[in-house]
Amino acid sequence: EGELASEPALQADLLDAVARSQANLGLLEEAEKQARKALALRGGHDDGASLAVLGAVLRDRGQLDESAATLRQAVTALDAAGTEHALAAARARSE
């Protein structure tokens, strides 16, 4: 965090990767914590990918209503971001 304090987007990208890895290992509570930290770091800017990660983790935890709402937000954010994020939007739609 110290060296990356001036780069919150990079911190968020790394936390998203950690959250995905933890989810793959079945560490869903920790994955959710990391995904929420990533989302907070983005502060509402370019947050579609983090929303997609959080939505997937929530789905895996069985929190289906919150997952669906979060994934809808992800798709909206990713669509608004343009073609650069089209693949992430497609993944979020399939969750």
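Residues numbered from 1 in each chain as written. Predicted model: local features only at pLDDT ≥ 70, side-chain atom pairs only at ≥ 80, totals over all residues. Heavy atoms only, no water.

**Q** Honestly, the environment of L54 in this entry has me stumped. Any pointers?
**A** Mapped onto the elements, L54 comes out in helix α3 (residues 48-60). Its relative accessible area of 2% is what places L54 among the buried residues. In the structure, L54 is positioned 22 residues away from E32 in sequence and 6.4 Å away in space, judged by C-alpha atoms. If near-sequence neighbours (up to four positions away) are discounted, L54 is found in contact with E32, A35, R36, L39 and T70. (Helix = DSSP H or I, 4+ residues; strand = E, 2+ residues; numbered from the N terminus. Buried < 20%, exposed > 50% of the residue type's maximum accessible area, 1.4 Å probe, protein only. Contact = heavy atoms within 4.5 Å.)

**Q** Before we go on, may I ask you to explain the pattern of salt bridges in this structure?
**A** Close approach of charged atoms allows side chains with opposite charge to pair. One pass over the structure, following the stated rule, counts eight salt bridges. A salt bridge links E29 to K33, with the nearest nitrogen and oxygen atoms 3.9 Å apart. A residue pair is termed a helical-turn pair when its members lie 3 or 4 positions apart in one helix, as E29 and K33 do in helix α2 (residues 28-42) at four residues. Look at E29 and you get partly exposed, because its relative accessible area is 48%. Residue K33 is classed as partly exposed on the basis of its relative accessible area of 40%. A salt bridge links E30 to K33, with the nearest nitrogen and oxygen atoms 3.3 Å apart. (Salt bridge = Lys/Arg side-chain N within 4 Å of Asp/Glu carboxyl O.)

**Q** How should the confidence of the model for the protein chain be read in this particular structure?
**A** Caution applies to low-pLDDT parts of the model: their predicted coordinates are not meant to be read in detail. Per-residue pLDDT for the protein chain has a mean of 87; in total, 84% of the residues score no lower than 70. Of all the helices and strands in the protein chain, helix α5 (residues 86-94) carries the lowest mean pLDDT, 60, while α2 carries the highest, 97. (pLDDT = per-residue confidence, 0-100.)

**Q** In this structure, what is going on with the nonpolar core? I would like to understand it.
**A** Note on soluble globular proteins: their nonpolar side chains tend to be buried together. Counting five residues, the largest nonpolar core is built from A19, A35, V53, L54 and L58. The dominant element in this core, judged by the number of residues it contributes, is α3, at three residues. Beyond its immediate stretch of four places on either side in the chain, L58 contacts E32, R36, Q63, E66, S67 and T70. (Core = buried A, V, L, I, M, F, W, Y, C linked by side-chain atoms within 4.5 Å.)

**Q** Got a minute to help me understand the side chain of S50 in this structure?
**A** Looking at where S50 falls in the secondary structure, it is placed in helix α3. Judged by relative accessible area, which is 0%, S50 ranks as buried. Those residues within four positions of S50 in sequence are excluded, and the remaining contacts are D16, A38, L39 and R42.

**Q** Which parts of the structure should I look at to understand the packing of helix α1 (residues 8-24) against α3?
**A** Two numbers describe a pair of packed helices, the interaxial angle and the distance between the axes. Close contact between α1 and α3 brings their axes to 10 Å; oriented N to C, the two are set at 20 degrees. The angle between the axes of α1 and α3 places the two elements in the roughly parallel class. The handedness of the crossing between α1 and α3 comes out as left-handed. Contact residues: D16, A19, R20 and A23 in α1; A49, S50, V53 and V57 in α3. (Axes fitted to C-alpha atoms, helices over the stretch in contact; angles between N-to-C directions. Parallel < 35°, antiparallel > 145°, perpendicular 65-115°, else oblique. Left-handed = near helix turned anticlockwise from the far one by under 90°.)

**Q** Got a minute to help me understand the side chain of R42 in this structure?
**A** Topologically, R42 is positioned in helix α2. Residue R42 is classed as buried on the basis of its relative accessible area, which comes to 8%. Among the polar contacts made by the side chain of R42, one reaches the side chain of D16 at a distance of 3.2 Å. R42 has contacts with A9, A12, D13, D16, D47 and S50, leaving out every residue within four places of it along the chain. (Polar contact = N/O pair within 3.5 Å; in protein donor to acceptor, adjacent residues only side chain to side chain.)

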